[in-house]
Amino acid sequence: MEENNRLEQKIAGILNDARASYATHNRKLKELSLLRFKSSSLSLFFSAFSKTLTPLFDFQRRLASAERTVAFVSAFAAARDPAADSDEFLDLFLRFLLLAAPSANKTARFRACQIVSEIILLLPDDAEVSNDVWDEVIECMKLRVRDKIPGVRAFAIRALSRFVNDTANSDILDLFLEQLALEQNADVRKMIVLSLPPSTATSQVIIDCTLDVSESVRKAAYCVLANKFPLQSLSIKLRTVILQRGLADRSVAVSKECFKLLRDEWLTKCCNGDPLELLKFLDVETYESVGETVMQTLLKADLVKLLNGASIQQYISSGDAEDGNSMHCAPSIQLIEAEASLYWRTVCQHLQSEAHAKGSDAAATMGTEAEVYAAEASDKNDLLEKILPATVDDYIDLVRAHINAGSIHRFTCRQLLLLGAMFNYSDATNRKSASAFLQELLHKPPEHEIDNEGNVVVIGDGLSFGGDNDWAQAVARLARKVHAALGEFEEVVLAIIEELAQPCRERTADYVQWMHCLSLIGLLLRHAKSMRLLQGKAIEPDELLQSLLLAGAKHAHLDVQRIAVRCLGLFGLLERKPRAELLKQLRISYIKGPHPISVEACKALIDLGMWHGPQEVDRVLNPHTSSKITSEKKSFSPVNFSDLERDLDVDTLDLLFGGFENDDWADSLTGNEDECVHAVLGEGFAKILLLSDNYPSIPPSLHPVILSKLIYLYFRDVSDHLQRLKQCLSVFFEHYPCLCANHKASISCISKAFIPVMRSMWPGIFGNSGGSSFMVSQMRKRAVQASRFMLQMMQVPLYVKETQPESENGSTEMPQVIDRCAEVPFDCGEEGLALRIAIEVTSFHSKKTAAEKSYVSALCRILALLQFRLSEQGPIKLMRRLLSRTVECVSTEKDLVKELNRLAEHLMTADRQPDQEFLQDEVNLILGKLEIDFNLDLDGSVAMPQTPAAASTRTRVSRRRVRIEDDDFDEYSPAFTVPATQQTVRSRSQRASKTVAMSKMSATRSVRIDEIEEQEEEDDSDVTSEDSDEY
């Protein structure tokens, strides 16, 4: 006993010293090991050690002293005793920790898992531990992975991380992957990511974590990718995804971690510091934007070094044709690889931008500083001249050689075309050579091939010049640079169009010639500065419209129609006032054309309506249209797409909005097409709502109708594959309520759109189709999501749009948050929405169908979340009268009734004058602002029902057992609550008779039978269980 006390005192002293500082750990480990060696038996030492360590398992705070104690104890347990053949102390200590791991005390579980994880990570590979102990440790940690305390789960995962690579414990990896998908705590997700081994099964999971909402998890994912996954082990797709997400991450710490991966691991270790070699791992032809981002990042970090005078001139100066790639070009030209072309293009653009920035700094300063900036700009320009071809003729020969080499070098050709904008064409000789080369480019017909059936197929998107929008932009930039004088670009292009249009006007051109001519017209219209510059040239705008664009829109070939409709939209944007024949043709193509044609016509009509204004477009088609704003219009006019003549006379917005109801276009939502009419309409109307102040001709009463349709389209299940539309609408919904110029109108619009959206989405009511129980459940869940989404939009704070002044230290302050509740009137705020919901709920009859019951329940759950301001006394009084009738509609749902009762108590407290009479004129005024016609009985009571359900007429008998009690004990018995039904209560001093006892037994039996019958009636009700599971 004395030895045990002595050991406990010495161990306690050692632990106290180790708790103070890490510096004493090595010395104290030797003292504790010596103490263990000198003890009479290991069991005695372990008993004293464990008893001394027990208080640590009750210490909840994670102080530095406690962490130092844990580290010291773990190091001592993991240190192998050189005098022993096996680590018997480690076995005993692990078993001791396993007793604490499943404890009911969360602190004990936490400390046990923490020490176990530390020991496992510190143990050497040759540690002598019995297999039984390891099996127990692994099984215990598997159970702790699902612990309810996040810290316990994190240390349990850390403990298992050393066994995740063992083939015998393959279930650990499955457990990690399963837990990662379900884990809510960011620290635990981070620990799982750090513990995952490198494999094909985990690479995609770790890359998916780069989109995690937590910054620490994303950072951990890039750290794991850098340390465990070499560049060669990842596919090209995964490499580009990693760089695309990481370098553009909103967090600076995460982007720095990704840059560290790029610089230290991929560039330095795998590519020996050569950026050109790194680009070969990224497939820049397919992922050009990623390659460009990588080069820009490396250039900004000054990691691109030009060695041995490398430049583009090396591909021109070589005169031998030994390389097999040079057999298609001139002997003095060596073909450039795709990676090299992107490399040199980004380097040259970086040098040009740096030179321009230094030149601007030199112009803005004076003296020596200006001279330094000017010298730096001169050095950049000199280096740029050394890299670029020596002359314009050499540059043209280089580009022409790659064009003649075939379509396989098209990517390199486009990169070289972008370099053309860096040359100086002020010299007449250079401009003449470049102009002749541009003539070749613009005269070159689109690439086409013959399919198996002998049909000619144009390669490309069928809309842009050259079949590619990037190629068209590169050609246009070069042409703009060469022909920089005012109107010169338009004159040169129109002259070529005049030549190409000759067979089209004579109706002798095939569809490839039509495509070539119309694509060049589209290039011109997209980059022309005004319609005035097109007049007086080789072909007039009127002739361009009549003989080419309108004729192409009526061509038999669909590709020709599609590109012609695109050009009609561009032509209308250049005009000060769109022409009637152009608008009529766009409407015909929109209504009667095939789906791809309707998509292009829809885009053109939306662009023209937003550019010129919907009222101006309608006035062109119908000059007698009134210029007054029809503010009384509250809905869009229905459109009959089968009646062509009538639909040409309807307003533009009515025609476009009617496209949502077109069944033919609705079927295309379920297809795999990249674009559809509904997606284009959704984007267009979202822009109109966001910029509603620019279109005063659109009545504000139509805004809720548009918003309702957008929300319905966003939550519609068939819209899931339309990723562009989903992304566009998500950005719109995020900014519409908080950044709109007229935020009062936007909030009012959301409030007014709430009920129409719920009516249109809820299955089984107002003519909405239902389906199977599973489909109905899914539709209800989507409607509930939409309701909560709209509530969140109403409660989002408003941000100031003006630029905030900079502080003294130069940092810009964050946008100021404004409390919109202090600004918006009640009809635009949550009070108006609450009244609309309450009126909607009370409008249903007492006998409701299953769909109506679930619909009313969903509305009431949103109603319970709304808040009332003290300044709005009128809506508070009106809501108190409506709330009692609302509760009666959901009286069978006790939890919902409790929430509504809490709202009623809040309203009763907020009502400053509860005894004041509420007049009918005040009710009419409030309902008039809400634009609702509703008859309210002011004579009704505002008191809430006492019970969730109607009081039963049956006599409910207490189920308490009859106890024989004395009179003296009765006066000390607790007071029981009185039941709702009135009963006669008598106190008896004598024992109940047999007759009374039998009557009570029969009454109890009858009550139970009645309860069973009530339960069966509820089970047979038409309300499905899905209603309750939904919430």
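For the structure, see preceding data.
These remarks concern the structure in this document. All values derive from a computational prediction rather than experimental measurement.

Calculation notes
- Residues numbered from 1 in each chain as written.
- Predicted model: local features only at pLDDT ≥ 70, side-chain atom pairs only at ≥ 80, totals over all residues.
- Heavy atoms only, no water.
- Helix = DSSP H or I, 4+ residues; strand = E, 2+ residues; numbered from the N terminus.
- Contact = heavy atoms within 4.5 Å.
- Salt bridge = Lys/Arg side-chain N within 4 Å of Asp/Glu carboxyl O.
- Buried < 20%, exposed > 50% of the residue type's maximum accessible area, 1.4 Å probe, protein only.
- Phe/Tyr/Trp six-rings, centres within 6.5 Å; stacked < 30°, edge-to-face > 60°.
- Lys NZ or Arg CZ within 6 Å of the ring centre and 35° of its normal.
- 1 Å grid on protein atoms, 1.4 Å probe; cavity = no way out; pocket = protein on both sides within 12 Å on 5 of 7 lines; lining within 4 Å.
- Points joined across faces, edges and corners; volume = space filled by probe spheres on them.
- Nonpolar A, V, L, I, M, F, W, Y, C, P; charged D, E, K, R; others polar.
- Axes fitted to C-alpha atoms, helices over the stretch in contact; angles between N-to-C directions.
- Parallel < 35°, antiparallel > 145°, perpendicular 65-115°, else oblique.
- Disulfide = S-S within 2.5 Å.
- Lys, Arg positive; Asp, Glu negative; His and termini not counted.
- Polar contact = N/O pair within 3.5 Å; in protein donor to acceptor, adjacent residues only side chain to side chain.
- Core = buried A, V, L, I, M, F, W, Y, C linked by side-chain atoms within 4.5 Å.
- Expected span 1.5 Å × (residues − 1).

1. Some points on the overall build of the protein
Phase 1 of the analysis: Helices and strands together make up the secondary structure of the protein, namely 46 helices and 4 strands.
Phase 2 of the analysis: A separation threshold of at least 6 residues defines the contact pool for the protein, and within that pool the share at least 24 residues apart is 71%.

2. Description of the pattern of salt bridges
Phase 1 of the analysis: Tallied over the entire structure, the rule returns 46 salt bridges.
Phase 2 of the analysis: Of the charged contacts, one joins arginine 861 and glutamate 893 as a salt bridge, the two residues approaching to 3.1 Å between their closest N and O atoms. With arginine 861 in helix 40 (residues 850-863) and glutamate 893 in the loop between helix 41 (873-889) and helix 42 (894-910), this pair connects stretches of sequence that are 32 residues apart.
Phase 3 of the analysis: Overall, the relative accessible area of 16% leaves arginine 861 in the buried class.
Phase 4 of the analysis: The class of glutamate 893 is partly exposed, set by a relative accessible area of 23%.
Phase 5 of the analysis: One connected set of salt bridges, linked through shared partners, spans Asp17, Arg27, Lys28 and Glu31.

3. Notes on the environment of leucine 160
Phase 1 of the analysis: Checked against the element boundaries, leucine 160 lands in helix 8 (residues 150-160).
Phase 2 of the analysis: Its relative accessible area of 1% is what places leucine 160 among the buried residues.
Phase 3 of the analysis: Remark: the alpha-carbon pair of leucine 160 and methionine 141, spanning 19 residues in sequence, is separated by 6.9 Å.
Phase 4 of the analysis: Setting aside residues no more than four positions away along its own chain, leucine 160 makes contact with Ile138, Met141, Lys142, Val145, Ile172 and Phe176.

4. Considering the packing of aromatic side chains
Phase 1 of the analysis: This model, assessed by the stated rule, comprises 33 aromatic pairs.
Phase 2 of the analysis: A centroid spacing of 5.6 Å and a plane angle of 65° characterise the contact between phenylalanine 844 and tyrosine 855, whose relative ring orientation is edge-to-face. On the criterion of sequence distance, the pair formed by phenylalanine 844 in the loop between helix 39 (830-842) and helix 40 and tyrosine 855 in helix 40 is long-range, its members being 11 residues apart. Just as phenylalanine 844 is buried, tyrosine 855 falls in that class too.
Phase 3 of the analysis: Taken together through their ring pairs, the aromatic side chains of Phe45, Phe46, Phe49, Phe57, Phe76, Phe89, Phe93 and Phe96 make up a single cluster.
Phase 4 of the analysis: Over the ring of tryptophan 471 we find arginine 410; its NZ or CZ atom is 4.3 Å from the centre of that ring.
Phase 5 of the analysis: Taking the ring centre of tyrosine 714 as reference, the NZ or CZ of lysine 726 above it sits at 4.4 Å.

5. Let's talk about empty space enclosed by the protein
Phase 1 of the analysis: Scanning the model with the defined rule gives 3 cavities of 30 Å³ or more in all.
Phase 2 of the analysis: Put simply, the largest cavity is a space of about 120 Å³.
Phase 3 of the analysis: Looking at the largest cavity, the residues that line it are Arg410, Leu441, Lys444, Pro445, Pro446, Glu447, Phe465, Gly466, Trp471 and His516.
Phase 4 of the analysis: In terms of residue class, the lining of the largest cavity is built from 5 nonpolar, 2 polar and 3 charged.

6. Describing the packing of helix 12 (residues 215-228) against helix 14 (residues 252-271)
When two helices pack together, their arrangement is given by the angle between the helix axes and by the axis-to-axis distance.
Phase 1 of the analysis: Close contact between helix 12 and helix 14 brings their axes to 9 Å; oriented N to C, the two are set at 5°. Classed by the angle they form, the pair helix 12 and helix 14 counts as roughly parallel. Facing Glu215, Arg218, Lys219, Tyr222, Cys223, Leu225 and Ala226 of helix 12, the residues of helix 14 in contact are Ala253, Val254, Glu257, Cys258, Leu261 and Glu265.

7. Re the state of the cysteines
Phase 1 of the analysis: Using the criterion set out here, one finds 0 disulfides in the structure.
Phase 2 of the analysis: The cysteine cysteine 676 is free of any disulfide, with cysteine 602 supplying the nearest cysteine sulfur at 9.5 Å.

8. Topic: the environment of alanine 18
Phase 1 of the analysis: Its place among the elements puts alanine 18 in helix 1 (residues 2-20).
Phase 2 of the analysis: Under the relative-accessibility criterion, alanine 18 is labelled buried at 0%.

9. Observations regarding the side chain of glutamate 830
Phase 1 of the analysis: Tracing the backbone shows glutamate 830 in helix 39.
Phase 2 of the analysis: Despite being buried, glutamate 830 has no salt bridge partner; arginine 869 is the closest side chain of opposite charge, sitting 7.9 Å away.
Phase 3 of the analysis: At 3.0 Å, the side chain of glutamate 830 forms a polar contact with the backbone nitrogen of glutamine 867.

10. Here's the deal with the nonpolar core
Phase 1 of the analysis: One finds Phe93 and Tyr590 to be the most contacted residues of the largest nonpolar core, which totals 299 residues.
Phase 2 of the analysis: A total of 11 residues in this core trace back to one element, the largest contributor, which is helix 25 (residues 511-527).
Phase 3 of the analysis: Contact partners of tyrosine 590, with chain neighbours within four places excluded, come to Ser598, Ala601, Cys602, Leu605, Phe641, Leu655, Leu656, Gly659, Trp665, Val677 and Leu681.

11. Quick notes on the side chain of glutamate 288
Phase 1 of the analysis: Positionally, glutamate 288 belongs in helix 16 (residues 288-300).
Phase 2 of the analysis: The class for glutamate 288 is buried, based on a relative accessible area of 14%.
Phase 3 of the analysis: A polar side-chain atom of glutamate 288 sits 3.2 Å from a polar atom in the side chain of arginine 345.
Phase 4 of the analysis: If we ignore the near neighbours within four places in the chain, the residues touching glutamate 288 are Leu342, Arg345, Phe411, Arg414 and Gln415.

12. Observations concerning helix 39
Phase 1 of the analysis: Between its terminal C-alpha atoms helix 39 stretches 18 Å, which fits the 18 Å expected from 13 residues at 1.5 Å a residue.
Phase 2 of the analysis: Helix 39 sits mainly inside the fold: 13 of its 13 residues count as buried.

13. Re helix 13 (residues 236-247)
Phase 1 of the analysis: Along its 12 residues, helix 13 runs 17 Å from first to last C-alpha, staying within 8% of the 16 Å computed at 1.5 Å per residue.
Phase 2 of the analysis: Turning to helix 13, its buried residues number three or more, namely Leu238, Arg239, Thr240, Val241, Ile242, Leu243, Gly246 and Leu247.
Phase 3 of the analysis: Along its buried surface, helix 13 packs onto helix 11 (200-208), helix 12, helix 14 and helix 16.

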